[in-house]
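So you can see what is in the structure, the chains are spelled out below.
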Amino acid sequence: MQNFEPSEEQNMMREAIRKLVQAQCPAHKVREWDRDGVFPEDVYQAMVEAGYIAMVVPSAYGGMGSPMSDCAILYEEIARPSVDFATRVALQAWGSMILADFAAEDLCREVLPRVIQGQAKLSFSLTEPGSGSDAASLTTSARREGGDWLLRGQKLFSSGAHAPDNMMIVAARTDAQGDRHQGISLFLVPNDLPGITIKRLDVVGRRILGLTEVFFDDVRIPGRYLIGEEGQGWTYVGRHLERERITLAANYLGSAGSALEEAMAYAQERRQFGRPISQFQAIAHSLADMATELEAGRWMTAVAAWRYDQGLPCRKEASMAKLFVSEMLQRVTATGMQILGGHGYTTDYSVQRHWRDGRNATIGGGTSQIQRQLIARELGL
Ligand SMILES: Cc1cc2nc3c(=O)[nH]c(=O)nc-3n(C[C@H](O)[C@H](O)[C@H](O)COP(=O)(O)OP(=O)(O)OC[C@H]3O[C@@H](n4cnc5c(N)ncnc54)[C@H](O)[C@@H]3O)c2cc1C
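Along each chain, numbering runs from 1 in the same order as the chain's sequence is written. pLDDT decides what is reported in this predicted model: residues at 70 or higher carry local features, side-chain atom pairs at 80 or more are listed and counted, and totals for whole chains, interfaces and linings draw on all residues regardless.

A. Summary view of the packing of helix α9 (residues 241-269) against helix α11 (residues 315-339). Taken N-terminus to C-terminus, the directions of α9 and α11 make an angle of 20°; their axes are 8 Å apart at the nearest point. In this view, α9 runs roughly parallel relative to α11, as classed from their interaxial angle. The handedness of the crossing between α9 and α11 is left-handed. Gly counts as polar in this scheme, as do all residues outside two lists: the nonpolar Ala, Val, Leu, Ile, Met, Phe, Trp, Tyr, Cys and Pro, and the charged Asp, Glu, Lys and Arg. Partitioning the contact of α9 with α11 into residue classes produces 18 nonpolar, five polar and five charged. Helix axes use the C-alpha atoms of the stretch in contact, all axes being lines fitted to C-alpha atoms, and the angles between their N-to-C directions lie in the range 0 to 180 degrees. Under the DSSP-based scheme used, a helix requires at least four consecutive residues in state H or I and a strand at least two consecutive residues in state E, with every element numbered from the N terminus. Here the word oblique covers every angle except those under 35 degrees (roughly parallel), over 145 (roughly antiparallel) and from 65 to 115 (roughly perpendicular). Take the far helix as your reference; a near helix turned counterclockwise from it by less than a right angle gives a left-handed crossing, and one turned clockwise gives a right-handed crossing.

B. Summary view of the site of the ligand. Put plainly, near means the residue's C-beta atom, positioned from the backbone, lies within 6 Å of the molecule or strand in question. Near the ligand lie 19 residues; those nearest to it are Leu126, Gly132, Ser133, Ser159 and Thr367. Every element with two or more residues in the shell around the ligand is listed here: β1 (121-125), β3 (148-159) and α13 (368-378). By residue class, the composition of the shell around the ligand is six nonpolar, 12 polar and one charged. Each domain's extent was defined by an automatic or database domain assignment. Counting contributing residues per domain, the shell around the ligand is built from domain 2 (122-232) and domain 3 (237-378), each supplying no fewer than three.

C. The arrangement of the nonpolar core in detail. With 106 residues, the main nonpolar core has Leu151, Phe187, Val189, Ile227 and Ile246 as its most contacted residues. Considering every element that reaches this core, the biggest residue donor is α9, with 12 residues. Whether two residues are in contact is decided by their C-beta atoms, placed from the backbone, lying within 7 Å. In this structure, Ile227 is in contact with Ile98, Leu99, Phe102, Ala103, Ile169, Leu186, Phe187, Leu188 and Tyr236, ignoring residues within four places of it in sequence. Defined on buried residues, the nonpolar core groups Ala, Val, Leu, Ile, Met, Phe, Trp, Tyr and Cys residues joined through C-beta atoms within 7 Å. The burial criterion counts other C-beta atoms lying within 10 Å of a residue's C-beta, which is placed from the backbone; the residue is buried at 20 or more, exposed at 12 or fewer, and partly exposed between these limits.

D. Representation of the domain arrangement of the chain within the structure. For the chain, the domain assignment lists domain 1 (8-119), domain 2 (122-232) and domain 3 (237-378). At the interface, 25 residues of domain 1 touch 25 residues of domain 3. Secondary-structure elements contributing two or more residues to the side of domain 1 that touches domain 3 are α2 (27-36), α5 (68-78) and α6 (83-102). At 10 residues, α6 tops the list of elements feeding residues into the side of domain 1 that touches domain 3.

E. Region of interest: helix α10 (residues 281-310). Working rule for helices: expected span equals 1.5 Å times residues minus one. Taking 1.5 Å per residue, 30 residues should reach 44 Å; α10 reaches 43 Å between its end C-alpha atoms and fits that length. Where α10 terminates, the next one or two residues include Gly311, which has phi positive at roughly 75°.

F. The pairing of β3, seen in detail. Pairing geometry for strand β2 (residues 141-145) and β3, over five bridges, is antiparallel. Among the inter-strand pairings, Ser141 is bridged to a residue of β3, identified as Arg152. Relative to strand β7 (residues 211-221), β3 runs antiparallel, the two sharing eight bridges. The residue bridging Gly153 from the neighbouring strand is Phe216, located in β7. Should DSSP find at least two bridges between two strands, the strands are regarded as paired.

G. Structural detail: the environment of Phe39. Here Phe39 is to be found in the loop between α2 and α3 (41-49). Taking the number of C-beta atoms within 10 Å as the measure of exposure, Phe39 has 19 and is therefore partly exposed. Sequence-wise, Phe39 and Ile208 are 169 residues apart; in three dimensions their C-alpha atoms are separated by 5.0 Å. With sequence-adjacent residues up to four places away left out, Phe39 is seen in contact with Trp33, Arg88, Ala163, Ile208, Leu209 and Gly210.

H. Examining the packing of α5 against α10 more closely. Taken N-terminus to C-terminus, the directions of α5 and α10 make an angle of 145°; their axes are 8 Å apart at the nearest point. Where α5 abuts α10, its residues Met68, Ser69 and Ala72 lie against Thr301, Ala302, Ala305, Trp306, Tyr308 and Asp309. Among the residues making up the contact of α5 with α10, the classes are represented as six nonpolar, two polar and one charged.

And the structure:
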């Protein structure tokens, strides 16, 4: 029987991350970042200096290439103040894995050390106005011109694409004739190249990292920025889906944990009818349900991460963890708001932000419907 209890080292690591995050992300600051739509670059740099970005970058290029079980702790802890902030770190993990696994050696050596040092950031642009769940129907195109590529089209819902020193990993069609999956290639695209226009979208949550739409008007991309082989982009993206889903589940655990903590504290403090509201069975049972769901989600994520680290098949477990934890996050944050009553509806408390940010959890990174479809397929249906 496998023991999923965290090791002493993992507990110490969790403690250290939590301390840094608590010091860097006090609630009033997170409220301001959310209100003003500002990403705290200084806090990100503090994470860089603490080595947390290095943790998620493969060791061949100066990172630590930490196992998924350790990274899951990192993702959970940094998502406690804001799952949106934590997405910035998650994007470095996905991006650097794709580069390290498939891009040319020179390109990795050029980019990944800068990612580790916080001098460059990675984001991911797959979704388009006409292609979401059916991502392979994308129409943004790239055609060769001399040794370069000319990129044309539009991406939608690109998280953090506008950030300073950001490089997008863009999926584009390089062959419109053959199999639609075979005709997709990946490119590394610095966001300040001529011909790129990036607009922020007005969104209900996830306002810190920010959601953008990106327009490419014959953007000239140096040939060396093609990632790996032409026509292999779909395969490359598919290789890291399990990792992406486990990462997302771990992120959502952090946000749900914070919502539960705030609701617990409030329920023990707030008095009505002469006693703390936590003494009403209806409230206590709601908190018990929240804690139970969180625990279940934590174990599901730990199992998926462990299987990933062992090199065992984990497609089903990763989708199950993403599905369950994303839906759990919505139940936990909605119940948390209910427990805070009218105060939960004000921005004085964080639970409303976890609720708003968490509303995306069942949409981004493959919707709940798509996760169920994948799980059903794994079940042989
Ligand atoms: C906050 C946020 C951040 C994001 N960040 C990024 C990013 O950084 N990079 C990026 O490329 N994309 C990003 N996305 C896009 C995200 O991945 C897509 O929104 C998601 O894949 C769904 O696509 P869609 O919005 O076009 O919905 P659609 O695919 O149009 O789906 C609409 C509805 O139909 C359902 N549906 C679709 N197909 C099926 C089916 N076969 N069976 C059953 N139901 C189905 C869906 O589940 C959904 O409920 C982000 C989105 C959000 C909201």
